[in-house]
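# Report on the structure
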Amino acid sequence: MATLNADFTLPLRAFELELALDVSKTVALVGPSGAGKTSVLRVIAGLAQPSRGGVSLDGESWNGLPPEARRVGFVFQDYALFPHLRVRANVAYGAAGRPVDDVLTRFGIAHLAEAHPRELSGGERQRVALARALARDPAVLLLDEPLAALDAHTKTEVRHELAELLRDLGLPTLLVTHDYEDAAALADEVGVLVEGKLRQFGPPAELVARPRDAFVASFTGANLLRGRAQPGGGGLTTVRLEGGEEVFSVDEAEGEVGVVVYPWEVAVARAHEPDADSALNVVRGEVGSLVEIANRVRVRVGPLTAEVTAASAARLELARGGVAYATFKATGTRLVPL
Amino acid sequence: MSRRVLGGVAVFAASAVALGFLILPIVAVFARVSPGKLVGQLSSPVVTDALVLSLKTSVVAQALVLLVGTPAAYLLATRRFPGRSLAVVLVELPLVLPPAVAGIGLIAAFGRYGLLGGTLSFLGIRIGLTWGAVVMAVAFVSGPFYVRQAIAAFEEVDPDLVAASRTLGAGRARTFFRVYLPLARRGLAAGESLAFARGLGEFGATIMFAGSLQGVTQTLPLAIYQEFNFFPNGFTKALAMSALLVVVSGALLIALKVALQWQPSTRTSRFLFAPSS
């Protein structure tokens with residue numbers, strides 16, 4: 001499998017983008033908007049010139065090559081389909097005269113060949129953009145927010161299709177997204193990019209299991225509580241939260257820390273019986289919001305978000321304004337520097 | 001209440017005056033003499049000579065404007081370089097220049113005793129009193145109308161589409177012809193219609209720089225002026241040529257509106273003329 005190496009510095013308006021990255025499978029760069037994610041793709045594609053370093057594919061340098069001489073398939077955030085060309089002509093644009101019927105069929109857009117881009121739905125546009133990028137026969141695939149332009153319903157479906165496609169292609173793929181869930185669903189490795197620097201890089205599960213800092217933790221979807229840690233007995237660290245409660249963690253820390261707990265590790269109860277619960281940590285709070293997502297419900301209890309099944313939520317008769325207890329285990333409670 | 005009625009009447013009256021003032025001279029061109037007589041005048045040598053010269057110089061001048069102006073506008077629209085703003089201002093300057101100043105400027109630059117006069121006569125090129133001089137005057141005053149609009153049209157092309165074209169293997173030249181030109185074509189057409197109309201009516205710079213010689217440098221506007229001024233029976237001829245120019249200019253205006261309105265197979269509006277645009 002080919003390996004794309006990117007090692008460069010690019011001065012941006014507010015900060016310098018500095019990156020060293022090897023891409024051989026699918027890598028996702030996640031981060032807040034304005035973190036420099038799109039600029040990474042632009043440098044690799046030759047659309048922006050770095051002040052130091054550059055890009056190489058299997059050791060062969062691409063430095064100094066114009067975009068048209070680099071074999072990249074670039075899918076733009078809003079897909080950038082040519083509005084004056086029909087779907088077939090869009091896909092054929094980079095195909096260098098090769099017939100594109102196979103590509104159209106493969107992406108299920110053969111019946112749209114004569115349509116204009118503006119007549120297509122979001123999902124169809126995305127498929128045309130992918131087909132166009134791949135008809136060029138690229139060595140590397142670059143995807144800029146591939147799912148951001150889709151509505152929530154289409155998104156889940158397209159995400160699944162895209163994950164399958166990327167697996168089948170086996171191309172070094174770099175995608176950027178502001179949505180950690182998308183990144184985790186699509187990529188083998190995820191890098192968290194903040195103000196032009198990689199905060200953490202690793203498989204999605206590792207970022208969740210061992211977030212390096214408070215930003216990575218909250219970005220990956222965790223609850224983040226602030227508190228003061230103190231070594232306690234029995235290998236437990238005691239943390240006094242800002243709200244006054246004490247919680248325990250098996251992580252070692254001292255001083256100001258961030259307490260990280262993922263929503264799916266938080267249980268919700270109407271009453272709390274300490275002796276009947278293996279979970280050591282309890283936070284009592286008012287039920288804030290209840291958001292139903294498919295068959296799950298996201299419940300806000302005091303400062304914590306918990307994820308419970310819709311059935312449990314109904315059984316507990318949770319209602320906004322009521323009092324509930326959020327419990328979670330010390331083993332599922334991570335401590336990170338703030 | 002009565003104040004509101006009064007206000008309404010005032011607005012209506014002002015609109016009627018404005019519209020009447022603008023329309024009356026055009027109507028008068030056609031109403032003064034019978035249509036048969038107007039058409040009859042069109043076959044006189046003065047008129048046919050002027051018509052042929054106007055067409056010939058317009059076509060050549062506009063061909064030059066398109067050929068030179070398009071790359072220049074593309075460069076000014078897509079590149080950032082020091083002095084770019086100054087270059088844009090200089091390109092647009094002839095738009096606001098009085099035609100008499102343009103004429104003097106052309107004489108001072110390319111006339112026999114002008115800046116380049118010596119060089120040109122050394123090369124055996126004489127511009128004054130040739131139809132080439134008319135072409136130069138027309139290109140000078142009308143070119144900026146096209147270039148200005150063309151810059152705007154190229155600037156409006158989505159940079160992502162350009163980037164997409166490049167990553168799909170198309171170099172700068174191919175991207176220009178397959179992305180920039182098709183997407184900017186409405187703006188380019190609009191600019192060119194304006195330039196053509198302005199060039200067709202060119203008078204001041206032409207009469208100063210090229211003179212008014214029938215069959216050589218005398219375009220329709222110059223012929224109208226001459227017939228009206230120097231010949232006792234020239235008024236009817238002047239009217240006939242004016243009517244011709246009104247028709248051609250009107251056609252150009254419609255073409256311009258269509259160019260601005262028309263989108264390839266997406267009619268957002270079914271009306272040919274956009275309301276008050």
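Residues numbered from 1 in each chain as written. Chains lettered and ligands numbered in written order. Predicted model: local features only at pLDDT ≥ 70, side-chain atom pairs only at ≥ 80, totals over all residues. Heavy atoms only, no water.

## Remarks on the interface of chain A and chain B
- Between chain A and chain B, the residue contacts involve 21 residues of the former and 21 residues of the latter.
- Across the chain A/chain B interface, buried area totals approximately 1700 Å², and carbon plus sulfur atoms make up 64% of it.
- Looking only at chain A, the three residues that lose the most surface to chain B are A:E68, A:H84 and A:Y93, adding up to 39% of its buried area.
- Joining chain A to chain B, the criterion identifies one salt bridge.
- The closest approach of N and O atoms between A:E68 and B:R166, which form a salt bridge, is 2.8 Å.
- In this structure, the connection of chain A to chain B is made through five residue pairs in polar contact (both at pLDDT 80 or more).
- Elements with a minimum of two residues in the side of chain A that touches chain B: β6 (72-75) and α4 (122-135) of chain A. (Contact = heavy atoms within 4.5 Å. Buried area = accessible area lost by both parts, 1.4 Å probe. Salt bridge = Lys/Arg side-chain N within 4 Å of Asp/Glu carboxyl O. Polar contact = N/O pair within 3.5 Å; in protein donor to acceptor, adjacent residues only side chain to side chain. Helix = DSSP H or I, 4+ residues; strand = E, 2+ residues; numbered from the N terminus.)

## Here we look at the environment of A:E114
Residue and element names in this part refer to chain A.
- With respect to the helices and strands, E114 occurs in the loop between α3 (101-106) and α4.
- Classification of E114 as partly exposed rests on a relative accessible area of 49%.
- Sequence separation between E114 and L85 is 29 residues, and the spatial gap between their C-alpha atoms is 9.2 Å.
- Excluding its chain neighbours within four sequence positions, the residues that come into contact with E114 are R86 and R88. (Buried < 20%, exposed > 50% of the residue type's maximum accessible area, 1.4 Å probe, protein only.)

## Considering the pattern of salt bridges
All names here are of chain A.
- Inspection of every chain in the model, using the stated rule, returns 18 salt bridges over all chains.
- With its nearest N and O atoms 2.9 Å apart, the salt bridge here joins R228 to E256. Remark: E256 occurs in strand β14 (residues 255-261) and R228 occurs in strand β11 (residues 223-231); sequence separation between them is 28 residues.
- The salt bridge involving R298 is made with E307; its shortest N-O contact spans 3.0 Å.
- Under the relative-accessibility criterion, E307 is labelled buried at 16%.

## Things to note about the packing of helix α7 (residues 131-155) of chain B against helix α9 (residues 172-200) of chain B
Residues and elements named next belong to chain B.
- Their axes nearest at 8 Å, the elements α7 and α9 cross at an angle of 145 degrees. As for how α7 packs across α9, the hand of that crossing is right-handed.
- Looking at the contact of α7 with α9, its residues break down into 15 nonpolar, five polar and two charged. (Axes fitted to C-alpha atoms, helices over the stretch in contact; angles between N-to-C directions. Left-handed = near helix turned anticlockwise from the far one by under 90°. Nonpolar A, V, L, I, M, F, W, Y, C, P; charged D, E, K, R; others polar.)

## Some details on the pairing of strand β18 (residues 304-309) of chain A
Residues and elements named next belong to chain A.
- Within β18, five of the six residues are buried, leaving the element largely enclosed by the surrounding structure.
- Across six bridges, the pairing between strand β17 (residues 296-301) and β18 is antiparallel. What sits directly across from V301, in β18, is L304.
- Linking β17 back to β18 in an antiparallel pair, the connection comprises two residues, with G302 at a positive phi of about 55 degrees. (Pairing = 2+ DSSP bridges.)

## Some remarks on helix α1 (residues 37-45) of chain A
Residue and element names in this part refer to chain A.
- Most of α1 sits out of view: seven of its nine residues are buried.
- If you check which residues of α1 are buried, you get K37, S39, V40, L41, V43, I44 and A45.
- Phi turns positive one or two residues past the end of α1, at G46, with a value near 85 degrees.

## Topic: the side chain of B:T175
- Among the secondary structure elements, B:T175 is positioned in helix α9.
- Within polar-contact distance, the side chain of B:T175 engages the backbone oxygen of B:A170 at 3.4 Å.
- Other than its neighbours up to four places away in sequence, B:T175 contacts A:Y93, B:V162, B:S165, B:R166, B:A170 and B:Y180.

## Quick word on unusual backbone geometry
Residue and element names in this part refer to chain A.
- Even without a glycine there, the phi angle at D58 is positive, about 50 degrees.
- Mapped onto the secondary structure, D58 falls in the loop between β4 (52-57) and β5 (60-61).
- Of note in this structure, E317 is not a glycine but carries a positive phi near 50 degrees.
- Among the secondary structure elements, E317 is positioned in the loop between α9 (310-315) and β19 (323-328).

## Overview of a nonpolar patch on the surface
- A contiguous nonpolar surface patch, about 650 Å² in accessible area, is contributed by B:L19, B:F21, B:L22, B:I23, B:L24 and B:V27.
- Within the fold, B:L24 resides in helix α1 (residues 2-31). (Patch = residues over 30% accessible without salt bridge, like charges linked within 9 Å, V, L, I, M, F, W, Y side chains within 5 Å. Areas by Shrake-Rupley, 256 points an atom, 1.4 Å probe, with all protein chains shown as cover.)

## Focus on the sheet that holds strand β13 (residues 246-249) of chain A
All names here are of chain A.
- Pairing in this open sheet of five strands is antiparallel, and the strands run β13-β12-β11-β14-β20 from one edge to the other. On the outer flanks of this sheet lie β13 and β20 (334-336), each paired with one strand and no other. In this sheet, adjacent strand axes meet at a mean angle of 45 degrees when their direction is disregarded.
- Strand direction decides the pairing type here: strand β12 (residues 237-241) and β13, joined by four bridges, are antiparallel.

## Looking at the domain arrangement of chain A
Residues and elements named next belong to chain A.
- Each assigned domain of chain A is listed with its residue range as follows: domain 1 (4-214) and domain 2 (222-336).
- The C-alpha-based centres of domain 1 and domain 2 are spaced at 37 Å.
- Opposite the seven residues of domain 1 that make contact, domain 2 presents six residues.
- Its largest share of buried area at the contact with domain 2, domain 1 owes to V208, P211 and A214, together 76% of the area lost on that side.
- Where domain 1 packs against domain 2, one counts zero salt bridges.
- Scanning the region where domain 1 abuts domain 2 turns up two residue pairs in polar contact (both at pLDDT 80 or more).
- Sorting elements by how many residues they give to the side of domain 1 that touches domain 2 places helix α7 (residues 204-209) first, with three residues.
- Across the side of domain 1 that touches domain 2, the residue classes break down as five nonpolar, no polar and two charged. (Domains from an automatic or database assignment.)

## A few points about the sheet that holds β5(A)
All names here are of chain A.
- Spatial ordering of the open sheet is given by β2-β1-β4-β5, a layout of four strands whose pairing is antiparallel. Both edges of this open sheet fall to β2 (16-23) and β5, since each of them pairs with a single strand only.
- In the sheet, strand β1 (residues 4-11) pairs with β2 via eight bridges, with the strands oriented antiparallel. Bridge pairing in β2 places L10 opposite L17.

## Points about a negative patch on the surface
Residues and elements named next belong to chain A.
- Together, E157, E161, E164 and D168 give the surface a local cluster of negative charge.
- Residue position: E164 is located in helix α5 (residues 152-169).
- By relative accessible area, E164 is classed as partly exposed at 40%. (Lys, Arg positive; Asp, Glu negative; His and termini not counted. Charge placed at Lys NZ, Arg CZ, Asp CG, Glu CD.)

## Examining the packing of α9(B) against helix α12 (residues 234-261) of chain B
Residue and element names in this part refer to chain B.
- For the pair α9 and α12, the least separation of the axes is 8 Å and the interaxial angle reads 165 degrees. Overall, the two elements α9 and α12 adopt an arrangement that is roughly antiparallel. Two packed elements cross with a definite hand, and for α9 against α12 that hand is left-handed. Where α9 approaches α12, its residues R186, A189, A190, S193, L194, F196, A197 and L200 are matched on the opposing element by L245, V248, L252, L256, A259, L260 and Q261. (Parallel < 35°, antiparallel > 145°, perpendicular 65-115°, else oblique.)

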